[in-house]
Amino acid sequence: MELTVARNAGFCFGVEKAVSAVYEAVGQKNRIYTYGPIIHNETVVEDLTRRGVGVIHSLEEVDRLAAESAESGEKITIVIRSHGVSEDVISHIQKSGLSVIDTTCPFVSRIHQLVEDASKKGSQIVIIGNAGHPEVVGTMGWSHEPAAVIGTAEEAEHWDGDLSRPVLVVAQTTFNTDKFQELVAILQRRAYNIAVVNTICNATRMRQQEARRVAAQSDVMIVIGGKSSSNSAKLYEICRKECRDTYFIQTVKDLPERDFSTLRVGITAGASTPKNIIEEVQNYVRTGRREF
Ligand code: SF4
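Residues numbered from 1 in each chain as written. Predicted model: local features only at pLDDT ≥ 70, side-chain atom pairs only at ≥ 80, totals over all residues. Heavy atoms only, no water.

Trainee: Which parts of the structure should I look at to understand the site of the ligand?
Mentor: All residues in the neighbourhood of the ligand are listed as Cys12, Phe13, Gly14, Cys105, Phe107, Thr173, Cys201 and Thr204. The site holding the ligand turns out to be the largest pocket. (Near = heavy atom within 4 Å. 1 Å grid on protein atoms, 1.4 Å probe; cavity = no way out; pocket = protein on both sides within 12 Å on 5 of 7 lines; lining within 4 Å. Sits in = over half its atoms within 2 Å of the grid points.)

Trainee: What should I look at first to understand the pattern of salt bridges in this one?
Mentor: Opposite charge on two side chains allows them to pair when their charged atoms are near. Under the definition given, this model contains 12 salt bridges. Salt-bridge contacts for Arg213 lead to Glu210; the nearest nitrogen and oxygen are separated by 3.2 Å. Taken together, the residues Arg213 and Glu210, both in helix 9 (residues 202–216) and three residues apart, mark about one turn of the helix. Judged by its relative accessible area of 38%, Arg213 is partly exposed. Judged by its relative accessible area of 8%, Glu210 falls in the buried class. (Salt bridge = Lys/Arg side-chain N within 4 Å of Asp/Glu carboxyl O. Helix = DSSP H or I, 4+ residues; strand = E, 2+ residues; numbered from the N terminus. Buried < 20%, exposed > 50% of the residue type's maximum accessible area, 1.4 Å probe, protein only.)

Trainee: Help me understand the packing of aromatic side chains, please; the structure alone is not making it clear to me.
Mentor: Describing an aromatic ring pair means giving the distance of the ring centres and the angle of the ring planes. Here the structure, examined in full by the defined rule, presents three aromatic pairs. For the ring pair Tyr236 and Phe248, a centre distance of 5.5 Å and an interplane angle of 15 degrees mean the geometry is stacked. Note that Tyr236 is positioned in helix 10 (residues 230–242) and Phe248 in strand 11 (residues 246–249), a separation of 12 residues in sequence. Using a relative accessible area of 24% as the deciding quantity, one classes Tyr236 as partly exposed. Here Phe260 and Tyr284 contribute two aromatic rings whose centre-to-centre distance is 6.3 Å and whose plane-to-plane angle is 85 degrees, an arrangement assigned as edge-to-face. In this pair, Phe260 is assigned in the loop between strand 11 and strand 12 (264–269) and Tyr284 in helix 11 (residues 275–287), connecting sequence segments 24 residues apart. By relative accessible area, Phe260 is classed as buried at 2%. (Phe/Tyr/Trp six-rings, centres within 6.5 Å; stacked < 30°, edge-to-face > 60°.)

Trainee: Looking at this model, I keep getting lost on helix 5 (residues 106–120). Mind explaining?
Mentor: Each full turn of the α-helix corresponds to 3.6 residues, which orients residues three or four apart in the same direction. With 15 residues, helix 5 extends 21 Å from end C-alpha to end C-alpha; this agrees with the ideal 21 Å at 1.5 Å per step. Within the span of helix 5, buried status applies to Val108, Ile111, His112, Val115, Glu116, Ala118 and Ser119. Its buried side turned inward, helix 5 meets helix 4 (87–95), strand 6 (124–128), helix 6 (134–140) and strand 8 (167–171). Remark: Gly122 follows helix 5 within two positions and exhibits a positive phi of approximately 105 degrees. (Expected span 1.5 Å × (residues − 1). Contact = heavy atoms within 4.5 Å.)

Trainee: In this structure, what is going on with the nonpolar core? I would like to understand it.
Mentor: A general feature of soluble globular proteins is that nonpolar side chains tend to end up buried together. The biggest cluster of nonpolar side chains holds 27 residues, and the ones touching the most others in it are Ile222, Ile224, Tyr247, Ile249, Leu255, Phe260 and Val281. Contributions of two or more residues to this core are made by helix 9, strand 10 (220–224), helix 10, strand 11, strand 12 and helix 11. Ignoring anything within four residues of it in the chain, the contact list for Ile249 reads Ile222, Val223, Ile224, Gly225, Asp254, Leu255 and Val281. One finds Val89, Leu98, Trp142 and Leu168 within the second-largest nonpolar core, a separate group that totals 25 residues. (Core = buried A, V, L, I, M, F, W, Y, C linked by side-chain atoms within 4.5 Å.)

Trainee: Can you help me understand the sheet that holds strand 4 (residues 76–80) in this one?
Mentor: One key point about sheets: their strands pair by backbone hydrogen bonds, in either a parallel or an antiparallel sense. Taken together, four strands build an open sheet; the order of strands is 3-2-4-5 and the sheet is parallel. Bordering the open sheet on either side are strand 3 (54–56) and strand 5 (99–102), each of which pairs with just one other strand. Ignoring strand direction, the axes of neighbouring strands in this sheet form an average angle of 30 degrees. In the sheet, strand 2 (residues 31–35) pairs with strand 4 via five bridges, with the strands oriented parallel. Within strand 4, the position partnered with Arg31 by the bridge is Ile76. (Pairing = 2+ DSSP bridges. Axes fitted to C-alpha atoms, helices over the stretch in contact; angles between N-to-C directions.)

Trainee: Sorry if this is basic, but what is going on with the environment of Asp160 here?
Mentor: With respect to the helices and strands, the residue Asp160 is situated in the loop between helix 7 (153–158) and strand 8. With a relative accessible area of 70%, Asp160 lands in the exposed category. A sequence separation of 12 residues divides Asp160 from Ala148, and the C-alpha atoms of the two residues are 9.2 Å apart.

As C-alpha cells, this is what we get:
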C-alpha cells in the first residue's frame, strides 16, 4: 500500500492561533465564551465545552453576559474566532465591558481593511464567496454600503450593481481559486471600472493544489473535515474530480470497513481538522485498526 498525506493537511496558521488562544484562556480566571464555534470541528468544540468554554451566537447574548458580569463581578471573556466579525459586532462587544480576545486571522483583517477603505471612497463591494459563511458575513459588515456576495456563474451574470460605478472584488479566503477566476472573468466582461484583489489565502491555495495532486495519483482519497466546514467541502469537490473513490469524513469512525492494503491511498484535511484526527485515520488505513 502506498499512503500519501498531503503536506499541508490540517490546521492553518490562523486556526492554530485561534484554537491555542482559547486553550490558553481556559487556564485563567475568566469565564470564556467564543462568538460562534471556534472552528468547524465538533471534536474540538466538544472538548472545549467539557473545559467550560461556552458558545454564543448573538449580541443579545453578549448583553445578557455583560449584565450578569456587572451584577456578580465575575469576569467574562469573549473570543472572536479567526473568521472575524463585522465592525458593528466587534465594537458592540468592546463597548459591553466584557474582555475580548480577537483572533481574527490577519489575512481576514486585511480584507476588512480593503473593503472599508474602498467603500468609503465610493466603490461597490463584491465578495466572491458563499453567502451566509461567517467570514463573508463579517466582511460584509465592513462595507459602508450593502455588499454583494457572488458564489456562482449565474449570480455573476445577473449581478445588478451599478455598472458605471467603481467596483472592488475580493474573495472569501477559503474560496476555490479556479472558480474565483471564472467568476471574476464574468464580472470583468460586464463592468469596466473594476478592481480585483485575490484575497484567497495562500494556505488555502496550497492546500487545494496539494489535494488535487495527491488525489490525481491515488486510487482512494480521504478528505477529513467538519460537515459545516466550507474549505473541507471544497477540498472534497476538488479531490472527487481527480479521484472518483473519495470519502468525506469527520473522524475515522465514518470510514467503512475496507482493506486498503493493495491501494494507493491519499489523505488531506480541512483547515479545522486537528492533527490527532488525521493520525487516527492514517493508522486505520495502515493497520486496519481503529483506536478511539
Ligand atoms: Fe487565516 Fe487562511 Fe487560515 Fe483563513 S485559511 S484562518 S485566512 S490562514
